[in-house]
Amino acid sequence: MVEGMWFAPGNPGTAQLGENLNLAADDLDGIVSFCRANDVGLVVIGPEDPLAAGLADQLHEIQVPVFGPRAAAAELESSKAFCKDIMVRHRVPTGAYRVFSDLNSAISYLQSGARYPVVVKASGLAAGKGVVICKDVREAREATKDMLEGGRHGKAGKTILVEEFLDGPEASIFALTDSRTFMPLESCMDHKQLGDGDVGPNTGGMGAVCPNPLLSPRTRDAVERQVILPTIHGMNHEGRRFQGVLFAGLKLTAAGPKVLEYNVRFGDPECQALMPRLKSDLVPYLLACANGNLEELEAPEWDERPSITVVLAAGGYPASYPTGIPIHGLDDVEQGDALQIFHAGTAEVAGQIVTAGGRILAVTALGSDLYEARQRAYQAVEKIEFEGKTFRTDIGLAALEATQNY
Ligand code: GLY
């Protein structure tokens, strides 16, 4: 039973659920000391940076149960080059790619060997913004120079991948694993680009739909057999036991599902679409991944109703944006089991909730069908106001079209 929750650092949303700590998520020493002093029974590591930095390793050392992979396994996300290599070694379907750290070699490949469009991607962590789709050699040269020479994305862009462009809709698949067995969760559809109709720059994600109606039971089976299983086994085989949630970003191509990339955490905003549909208690599953006894649990139960999550971002996101802008209307939204508001980049200053990040809030609604979920989510979105409020108006439309329901 959960007796209390602490958040590092948390936000005004998490303050309603437990205690926010004056500790940054990447303050590894501070978090470890706090866990030691407070007899913490489980740590759930949300973001990628502390996973890549080895927070799970440090918690294992002091015998605190932890949900989230060790740094060596988190490389699946923190090094796109490693991720591609391991997929190839274990025959997980993915697009063709080349890895470069040297500008001249990259440019020479772009001018002679590459087939367009190509994807130029920073190998390291870039908060979902390290991917450029280039339609010709000019664009590819520019993206490559920006990363390898211009310092875009800093160290994360010092090694790049030039990847085959995979055509087809995207799907996000999640599997909990203790490295021995895995438990598939419901799938999602992400909306990564800033603008309606998938235009504009890539973001961390502007909205999500759960479940993803494009994934037939047959495709899901294929993904579990051809993607999830060989990845977990491959990681074990290479001495990088993976415990936590494996999140495969897929392209559903004409030749079958192929992995675009892995994340080693619940996605944002996929998590906000996924969790309100989970009817079972989440904590036993997280603990079982940490303790290695996932096989003892039954599959979780899900709400039949689909969900839609709409992200509200700051004006200017994903580039630069102001902070400290008052947010109004939150109290006008009636929350319940069919509607929830999740805080992300918010803060409380003198009793007023203000903006404090790029993606500020996420509104999730469930409905008897996608149409109703969409209506409910957007009605709530309209009630929340802040200067520069930026959101997509088409979240869920592609899913609705896929279900031929509108
Ligand atoms: N929405 C994708 C991610 O969390 O990386």
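Residues numbered from 1 in each chain as written. Predicted model: local features only at pLDDT ≥ 70, side-chain atom pairs only at ≥ 80, totals over all residues. Heavy atoms only, no water.

Let us now look at the environment of Pro257. Among the secondary structure elements, Pro257 is positioned in strand S16 (residues 256-263). In sequence terms Pro257 and Glu61 are 196 residues apart; their C-alpha atoms lie 38 Å from each other. (Helix = DSSP H or I, 4+ residues; strand = E, 2+ residues; numbered from the N terminus.)

Mapped onto the secondary structure, Lys251 falls in strand S15 (residues 244-253). For the buried residue Lys251, which engages in no salt bridge, the nearest side chain bearing the opposite charge is Glu170, 4.2 Å off. Polar side-chain contacts of Lys251 include one of 2.9 Å to the backbone oxygen of Gly168. Setting aside anything within four residues of it in sequence, one finds Lys251 in contact with Leu166, Asp167, Gly168, Pro169, Glu170, Gly256, Pro257, Lys258 and Leu260. (Buried < 20%, exposed > 50% of the residue type's maximum accessible area, 1.4 Å probe, protein only. Lys, Arg positive; Asp, Glu negative; His and termini not counted. Salt bridge = Lys/Arg side-chain N within 4 Å of Asp/Glu carboxyl O. Polar contact = N/O pair within 3.5 Å; in protein donor to acceptor, adjacent residues only side chain to side chain. Contact = heavy atoms within 4.5 Å.)

For the rest of this paragraph, the subject is the site of the ligand. The full set of residues close to the ligand is Asp190, Gly204, Asn263, Arg265, Gly267, Asp268, Pro269 and Glu270. The separation between an oxygen atom of the ligand and a polar side-chain atom of Arg265 is 2.7 Å. The side chain of Glu270 places a nitrogen or oxygen atom 2.9 Å from a nitrogen atom of the ligand. If the ligand stood free it would expose 200 Å²; the protein chains cover 90% of that surface. Residue classes in the shell around the ligand are distributed as 1 nonpolar, 3 polar and 4 charged. (Near = heavy atom within 4 Å. Areas by Shrake-Rupley, 256 points an atom, 1.4 Å probe, with all protein chains shown as cover. Nonpolar A, V, L, I, M, F, W, Y, C, P; charged D, E, K, R; others polar.)

Think of a sheet as strands paired side by side through backbone hydrogen bonds, with each pair either parallel or antiparallel. Taken in spatial order, the 4 strands make up an open sheet running S5-S8-S6-S7, and their pairing is antiparallel. Each having just a single partner strand, strand S5 (97-100) and strand S7 (131-134) make up the two edges of the open sheet. Taken pair by pair, the neighbouring strands of this sheet meet at an average axis angle of 20 degrees, ignoring direction. Summarising the sheet, strand S6 (residues 118-122) and strand S8 (residues 160-164) pair through 5 bridges and their orientation is antiparallel. Looking across to S8, one finds that Ala122 is bridged to Ile160. Strand contacts of helix H6 (residues 103-112): S5, S6 and S8, with the helix running at about 150 degrees to S5, the strand carrying the most contacts. Across the sheet, helix H7 (residues 137-148) touches S5, S6, S7 and S8, and the angle it forms with S6 is around 5 degrees. (Pairing = 2+ DSSP bridges. Axes fitted to C-alpha atoms, helices over the stretch in contact; angles between N-to-C directions.)

This paragraph deals with the nonpolar core. In this structure, Val43, Ile45, Leu59, Leu76, Val227, Ile228 and Tyr262 are the most contacted members of the largest nonpolar core, which totals 42 residues. The set of elements that each furnish at least two residues to this core consists of helix H1 (28-38), helix H3 (55-61), helix H4 (71-78), helix H5 (80-89), strand S9 (170-177), helix H8 (217-237), S15 and S16. Excluding residues within four positions of it along the chain, Tyr262 makes contact with Leu76, Glu77, Cys83, Met87, Val92, Val227, Thr231, Leu246, Phe247 and Ala248. Formed by 28 residues, the second largest nonpolar core is a distinct cluster that contains Ala314, Ile325, Ala377 and Ala380. (Core = buried A, V, L, I, M, F, W, Y, C linked by side-chain atoms within 4.5 Å.)

Next up on the list: the sheet that holds strand S21 (residues 359-366). Taken in spatial order, the 5 strands make up an open sheet running S11-S14-S17-S21-S18, and their pairing is antiparallel. Among the strands making up the open sheet, the edge pair consists of strand S11 (189-190) and strand S18 (339-343). The pairing of strand S14 (residues 207-210) with strand S17 (residues 307-313) spans 4 bridges and is antiparallel. Bridging across to S17, Gly207 finds its partner in Val310.

Time to look at the pattern of salt bridges. The full count for this structure, using the stated rule, is 21 salt bridges. The residue Arg240 makes a salt bridge to Glu75 at a minimum N-O spacing of 3.3 Å. A residue pair is termed long-range when its members are at least 10 positions apart, and Arg240 in the loop between H8 and S15 and Glu75 in helix H4 qualify at 165 residues. The exposure class assigned to Glu75 is partly exposed, which follows from its relative accessible area of 28%. The salt bridge partner of Glu163 is Lys121, with a shortest N-O separation of 3.2 Å.

Now for the packing of H6 against H7. Packed helices, taken two at a time, are described by their axes: the angle between them and the distance between them. Across the interface, H6 lies against H7 with an axial gap of 10 Å and an inter-helix angle of 165 degrees. Relative to H7, H6 is oriented roughly antiparallel. Of the two elements, H6 crosses H7, and the hand of that crossing is right-handed. From H6, Leu103, Ala106, Ile107, Leu110 and Gln111 reach across to H7, where they touch Val137, Ala140, Arg141, Thr144, Lys145 and Leu148. A class-by-class count of the residues in the contact of H6 with H7 yields 7 nonpolar, 2 polar and 2 charged. (Parallel < 35°, antiparallel > 145°, perpendicular 65-115°, else oblique. Left-handed = near helix turned anticlockwise from the far one by under 90°.)

The quantities given are spatial measurements derived from coordinates; they are silent on function.
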